[in-house]
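# Survey of secondary and tertiary structure
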Amino acid sequence: MEVEETGDARTSWSPAKAETLSTACDHAGKRKQDLAREPVIRIMEDEEEEEDWEMIPEHAKDSEEPSNKRVKPVVKSNSLTGVITPVKTLGLKRIGQSISRSFSFRTEAQPLPTPPRRSRSKPSSFSRRCSSQCWSDTVESHDLTAKEIKRQEVIYELTEGERQLIEDLSLVKKVYYEPMLKLDIMNESELGQIFGTLDSLIPLHEDLLSRLERLRGSEKTVGEVGPTLMNWFPCLEAYVTYCCNQVGAKALLDQKKHEKRVEHFLRLCQESSFSRKLDLWNFLDLPRSRLVKYPLLMKEIQKCTPAEHPDKDTLPKALDLIQSIVAEVNKKTGEAECQFHRRGLTYLEDSQRLPEIQQSRFLYCHGELKNNKGQRLHVFLFELALVLTRPGEGREGGHVFQVYRQPLPNALLNLEEIPDGEAGGGGTFRGAFTGGSDKVKNCFRVSSRGRAKAYSYSLQANDSFCKQQWITCLRQAIVQSRDGTIQSRQSQLSPHLDPALYHIADLSLGSDADMAEHTSC
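Quick caveat: nothing in here was measured; it's all calculated off a predicted structure. (Residues numbered from 1 in each chain as written. Predicted model: local features only at pLDDT ≥ 70, side-chain atom pairs only at ≥ 80, totals over all residues. Heavy atoms only, no water.)

Turning next to the packing of helix α5 (residues 146-182) against helix α6 (residues 188-195). Packing of α5 against α6 leaves a shortest axis separation of 9 Å and a crossing angle of 155°. When the axes of α5 and α6 are compared, the pair comes out roughly antiparallel. Between α5 and α6 the crossing geometry is right-handed. Across the interface between the two elements, V172, Y176, Y177, M180 and L181 from α5 touch E188, L191 and F195 from α6. Partitioned by chemical class, the residues of the contact of α5 with α6 number 7 nonpolar, no polar and 1 charged. (Axes fitted to C-alpha atoms, helices over the stretch in contact; angles between N-to-C directions. Helix = DSSP H or I, 4+ residues; strand = E, 2+ residues; numbered from the N terminus. Parallel < 35°, antiparallel > 145°, perpendicular 65-115°, else oblique. Left-handed = near helix turned anticlockwise from the far one by under 90°. Contact = heavy atoms within 4.5 Å. Nonpolar A, V, L, I, M, F, W, Y, C, P; charged D, E, K, R; others polar.)

Before going further, it helps to spend a moment on the packing of aromatic side chains. The full count for this structure, using the stated rule, is 8 aromatic pairs. For the pair W232 and Y294, a centre-to-centre distance of 5.9 Å together with 65° between the ring planes defines the contact as edge-to-face. Remark: Y294 occurs in helix α12 (residues 286-303) and W232 occurs in helix α8 (residues 226-232); sequence separation between them is 62 residues. As far as the burial class goes, W232 and Y294 line up, both buried. Three or more aromatic residues link up through ring pairs in this structure, and these residues are W232, F233 and Y294. (Phe/Tyr/Trp six-rings, centres within 6.5 Å; stacked < 30°, edge-to-face > 60°. Buried < 20%, exposed > 50% of the residue type's maximum accessible area, 1.4 Å probe, protein only.)

We now examine the environment of E160. By secondary structure assignment, the location of E160 is in helix α5. Once the C-alpha coordinates of E160 and C134 are considered, the two residues, 26 residues apart in sequence, prove to be 9.7 Å apart. A polar contact is formed between the side chain of E160 and the side chain of R163, at a distance of 3.1 Å. (Polar contact = N/O pair within 3.5 Å; in protein donor to acceptor, adjacent residues only side chain to side chain.)

This paragraph deals with the pattern of salt bridges. Going through the model one piece at a time under the given rule, you end up with 23 salt bridges. The salt bridge involving E160 is made with R163; its shortest N-O contact spans 3.1 Å. Linking E160 with R163, this pair stays in helix α5, spanning 3 residues, or about one helical turn. According to the relative accessible area criterion, R163 is partly exposed, its value standing at 27%. Linking K256 and E259 is a salt bridge whose minimum nitrogen-to-oxygen distance equals 2.7 Å. Note on K256: relative accessible area 7%, which makes it buried. Through salt bridges with shared partners, a single network forms among E148, R151 and D311. (Salt bridge = Lys/Arg side-chain N within 4 Å of Asp/Glu carboxyl O.)

Turning to unusual backbone geometry, a few remarks are in order. One non-glycine residue, K277, lies in the positive phi region at around 65°. Summarising the element assignment, K277 is placed in the loop between α10 (260-271) and α11 (280-284). The backbone of N442 sits at a positive phi, close to 60°, despite the residue not being glycine. Assignment of secondary structure puts N442 in the loop between β7 (413-418) and β8 (443-448).

Attention shifts here to the pairing of strand β4 (residues 385-393). Consecutive side chains along a regular strand alternate between the two faces of the sheet. Of the pairings in the sheet, the one linking strand β3 (residues 376-382) to β4 comprises 4 bridges and is antiparallel in character. Note that in β4 the partner of V379 across the bridge is L388. Sheet topology note: the β4/strand β6 (residues 408-409) ladder contains 2 bridges and is antiparallel. By the bridge assignment for β6, L386 is matched with L408. (Pairing = 2+ DSSP bridges.)

This brings us to the confidence of the model for the protein chain. Residues with a pLDDT of 70 or more make up 61% of the protein chain, whose mean pLDDT is 74. Per-element mean pLDDT across the protein chain ranges from 41 in helix α16 (residues 512-519) up to 95 in β3. Contacts of residues 423-427 to residues separated by more than four positions or lying in other chains number 5 contacts, the stretch itself having pLDDT below 50. (pLDDT = per-residue confidence, 0-100.)

The next subject is the pairing of strand β2 (residues 363-371). Judged from the 7 bridges that link them, β2 and β3 form a sheet pairing that is antiparallel. Within the sheet, the bridge partner assigned to G367 lies in β3 and is V379. Connecting the antiparallel pair β2 and β3 is a turn made up of 4 residues, with G374 showing a positive phi of about 85°. Sheet topology places β2 next to strand β9 (residues 456-460); 2 bridges connect them, and they run antiparallel. Counterpart to N371 in the pairing with β9 is L459.

Bringing the environment of D184 into the picture now. As for its position among the elements, D184 is in the loop between α5 and α6. The exposed category is assigned to D184, whose relative accessible area is 52%. Considered as a pair, D184 and R261 are 77 residues apart in the sequence and their alpha carbons are 9.7 Å apart.

This is how it looks when you write it as structure tokens:
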């Protein structure tokens, strides 16, 4: 009988043969015939030894020479419960723990002291794609200052980051895109929508990698890096197209995952070692993650650059350039996301089609909230309107959002925070947010003002952090919308001036007087 544990080692329980027991019997001074009938529990140290024993035929086992392993006998017992002493032992404390040495138990004596277990480093759930090598590991000797060493380390990190990104993007193309197209798991149009312009980003980063490697001198140090980055950063404008496409790509990928063939293929890839347990979307999002890291690396290089270094004047300009490119990509991506969700709205009544929804250029935030009836809603805070929806499925299988109740223009919104623990009896909170108790948590109320019919919606977030996120975004949306309304009425103001954003923290929730005071400035 064999019992295999799920830990690092395998434990074998096997009855010893008469010849094996005879050796132990001679040392113990006991009769051979008695010991031949007694079972012995052995925990084998070597897996190969166990496998070899199992492969030997039964008639050959009896004729083998006695083993040199020391085997300690135990008293005859009819069941395993009489063999194993019920004591706390680290080796058998629970299934799944590793056993590092061979030992046995007696029922008539105290158990042997638990031997120290050899530490085995558990393999990480994510395979390491490369060694964590630093620049200083690549050079034998140098006479650089600590600040210059730090500078070289950051530049080396920039270079190796490009190399790793190229490897990952090439992997996505060879392991995901090409097999799915060849196996007809998705058609070419669907794959083109999901992967977008990913293929065009590979030569772009290969170009930067080759430029950075050419900068390395004979001592593996890099002198000026600012001019190279200044010349290359404009290439990142190609990210506008890629990141704008990601909004629709994510929605289509989530939809296709419900198909069996797609789900099975993606699951097999994720379970393979090359994926490092990452799913396809993690790989598709790598370019965006890399883009937002460039300003951070530039700041570190600038911080470690001495005042007399030739890069001292170029790096600030390169930093401003990459920050403006990232801001532009974020802006265009926000507009694409807003447009995507606007197209996904379905209206029950024409009165719900507010012009503010179509005029909105971006989203402040969106997510799940509960109303005062306990229904789960998906709420969109557009640039100019707040829209409550109920998720549904469209005719073609995609997700749609059915507008629930009347949307509210941000310029007419009132915001009221409901403190945690406030009595919820009566009114709009009866039993919905409280679950039968008299307390409410993570709730707030939005209402409209200044129109023929007033609307008020009480909403509940999942937790306090989510609630504060909504409160902050709503405050910002209210102030900016009212500022924009005032400016649109004052034609003498220059259209090139950005609207002044007053300090949001100074606003009082649910106070029309404070709002009027700020907007009248």
